[in-house]
Amino acid sequence: MPETIHFETLGCRLNQVESEGAARFFTDSNFSVSMEPFTAKSYDESVVLCVVNTCTVTAKAEQKARRIIRMLLKTCPNSAVLVTGCYAQVEQKEIRMIDERVCVLPGQKKGGLADLPVFLKKCLENHQHLSGKEISVEIQKFFDEEKSASALDKVTSPFRLATETFISHSRSSLKIQDGCNCVCTYCRIRLARGKSVSLDAATVIERVKKLEQAGQSEVVITTVNIGQYLSEYNGNTIRFAQLLALILENTSSIGIRISSLYPEIVDEKLALVLKNPRVRPYFHISVQSGSNSVLGRMKRPYKIEAVYRAVELLKKAKVNPFLACDIIAGFPGETDEDFNLTLKMLVDCGFTFVHAFPFSPRPGTEAYSMRPMVPNYVTDSRITALEEFNKKSKTDYINSFIGKNLPAVCETVHRAKVFRDRIIIHAVTENFLHCQLVFNKDDKNLPKAGSVISVKIVRPLNDSEKTGESDTFAEFIS
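Conventions we followed
- Residues numbered from 1 in each chain as written.
- Predicted model: local features only at pLDDT ≥ 70, side-chain atom pairs only at ≥ 80, totals over all residues.
- Heavy atoms only, no water.
- Helix = DSSP H or I, 4+ residues; strand = E, 2+ residues; numbered from the N terminus.
- Rg over C-alpha atoms; globule rule 2.2 N^0.38 Å.
- Buried < 20%, exposed > 50% of the residue type's maximum accessible area, 1.4 Å probe, protein only.
- Contact = heavy atoms within 4.5 Å.
- Areas by Shrake-Rupley, 256 points an atom, 1.4 Å probe, with all protein chains shown as cover.
- Lys, Arg positive; Asp, Glu negative; His and termini not counted.
- Charge placed at Lys NZ, Arg CZ, Asp CG, Glu CD.
- Pairing = 2+ DSSP bridges.
- Axes fitted to C-alpha atoms, helices over the stretch in contact; angles between N-to-C directions.
- Disulfide = S-S within 2.5 Å.
- Core = buried A, V, L, I, M, F, W, Y, C linked by side-chain atoms within 4.5 Å.

**What about the overall build of the protein chain?**
Check the secondary structure of the protein chain and you find 16 helices and 20 strands. Against the globule reference of 23 Å for 478 residues, the protein chain gives a C-alpha radius of gyration of 23 Å, in line with a compact fold. Reported as C-alpha extents along the three principal axes, the dimensions of the protein chain are approximately 65 × 60 × 55 Å. Per-residue burial for the protein chain yields a buried fraction of 54% across its 478 residues. Taking all contacts inside the protein chain whose residues are at least 6 apart in sequence as the whole, residues at least 24 apart take part in 72%. Taken as a whole, the protein chain presents about 21600 Å² of accessible surface, with 50% of it coming from carbon and sulfur. Of the side-chain charges in the protein chain, 62 are positive and 55 negative, and the distance between the mean point of each set is 1 Å.

**Structural notes on the sheet that holds strand 13 (residues 282–288)**
Pairing is parallel across the open sheet formed by three strands, whose spatial order is 13-14-15. This sheet does not close on itself; its edge strands, each paired only once, are strand 13 and strand 15 (353–358). Neighbour-to-neighbour, the strand axes of the sheet open up by a mean angle of 15 degrees, direction not taken into account. Bridge count for strand 13 against strand 14 (residues 322–329) is six bridges, and the pairing is parallel. Note that in strand 14 the partner of isoleucine 285 across the bridge is cysteine 325.

**Quick notes on the state of the cysteines**
This structure, assessed with the given rule, holds zero disulfides. In this model cysteine 12 remains outside any disulfide bridge; the closest cysteine sulfur is found in cysteine 55, 6.4 Å from its own. For cysteine 12, a relative accessible area of 36% puts it in the partly exposed group. Free cysteine: cysteine 76, not disulfide-bonded; nearest cysteine sulfur from cysteine 50 at 3.7 Å. Classification of cysteine 76 as buried rests on a relative accessible area of 0%.

**Observations concerning unusual backbone geometry**
Of note, the bond from arginine 371 into proline 372 is cis; its omega dihedral lies within 30 degrees of zero at 5 degrees. Residue position: proline 372 is located in the loop between strand 15 and helix 15 (376–399). If you check the backbone angles, lysine 299 has positive phi at about 60 degrees while not being a glycine. Examined against the element boundaries, lysine 299 turns out to sit in the loop between helix 12 (292–298) and helix 13 (304–317). If you check the backbone angles, asparagine 320 has positive phi at about 50 degrees while not being a glycine. Counting through the fold element by element, asparagine 320 comes out in the loop between helix 13 and strand 14.

**Describing the nonpolar core**
Within the largest apolar cluster, 73 residues are counted, with the highest numbers of intra-cluster contacts made by Leu244 and Phe351. If we skip the residues at most four places from it in the chain, phenylalanine 351 touches Ile285, Val287, Val307, Val311, Leu323, Ala324, Cys325, Met345, Leu346, Phe389 and Ser393. Within the second largest apolar cluster, 28 residues are counted, among which are Phe25, Leu49, Cys123 and Phe142.

Here it is, written out as structure tokens:
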């Protein structure tokens with residue numbers, strides 16, 4: 001029976017892509033891989049290594065990482081726990097002190113996970129009955145030794161963990177850019193991931209073609225800062241708009257979803273490319289605030305006028321697109337007037353959904369010591385207001401599609417043993433409605449995860465009906 005490698009992934013879509021890529025290297029070396037999150041009630045003695053891919057965007061993200069690490073030490077008593085990702089980049093010593101079974105691979109060397117399976121397989125074959133502590137020591141040596149480290153540095157690339165097969169995601173993803181050259185005063189991710197680097201355009205095109213050939217119906221283009229994508233192709237400088245046009249020209253059927261846009265890069269040239277029907281009508285814009293005063297203190301590379309302009313162009317490119325954005329509430333010095341400008345911007349632009357975050361002071365950033373701090377109760381009230389906006393805006397958006405048929409990708413299937421007399425299938429439409437489809441438990445023709453189907457939007461789900469991330473009740477058409 002093959003040894004098991006267990007993955008726990010926190011944070012952004014980039015981390016999810018990288019975990020999937022690392023998992024492929026382990027399966028290629030004949031390890032068994034599990035990626036479903038464990039709970040405190042889980043227990044698995046077959047796991048020899050747990051990989052925790054961490055985030056450092058907020059203090060809560062780091063607290064969650066530490067909680068998961070400690071949980072895995074209990075639920076997987078024979079395993080080592082390898083911690084990587086952004087938190088591992090900025091707090092290596094703190095993490096290694098958690099337990100002697102814990103080893104650390106800094107996030108900027110995460111590509112070294114591609115080399116680990118072969119080494120670990122040989123290690124387990126040469127030394128029978130290794131304890132979790134002994135495995136951790138061997139892995140840490142592998143990454144720490146000067147010879148290995150220098151060799152890894154030469155070949156390790158932020159884009160090494162790529163795959164055409166996905167274990168826990170129905171839609172494929174491709175990372176084309178990493179790191180960031182901005183100096184946003186609140187952001188620790190730029191410290192963890194380093195300066196901007198881009199995957200060369202020819203490799204991007206080739207990887208998308210391989211995903212299409214592998215039968216993937218959609219690819220999510222992922223980045224840290226898409227506005228900083230830069231490459232060359234046939235002697236020409238390539239930015240994201242040109243890259244997207246090249247991807248569409250060199251493929252025939254695969255759908256393209258963009259994980260995140262910066263408002264300043266949405267211009268007429270990009271909007272023209274976005275009109276292509278294979279580009280999904282879903283856009284997530286990194287906004288953070290509707291106040292120029294706050295954006296200035298954040299050192300964001302745009303003003304709010306750029307957000308209004310970006311939304312205008314996106315709505316011209318697509319009919320009734322799903323528009324999402326990030327908002328930080330309670331940034332130091334944010335007044336009621338500043339926050340009201342944010343609410344006004346959300347309404348004026350017609351955003352469908354807001355990913356709302358309370359400000360989290362991050363060590364090593366300029367905003368860590370900024371004053372005046374916004375009281376917690378004020379920040380909490382602003383988060384509540386954003387959540388109330390979400391409820392109404394998302395419901396209104398779903399209602400605008402009632403009775404319409406939309407293409408969707410099947411995500412997950414909940415079997416009859418969970419719901420007794422029915423089977424629930426989750427699917428995501430091209431405009432990012434998370435649909436819940438109900439089938440009879442005896443139905444023999446259920447769509448499979450990853451397949452493209454057609455659904456009819458019926459209505460928004462109420463809270464008592466929701467399972468998972470679903471928010472829309474839909475009927476299966478074909």
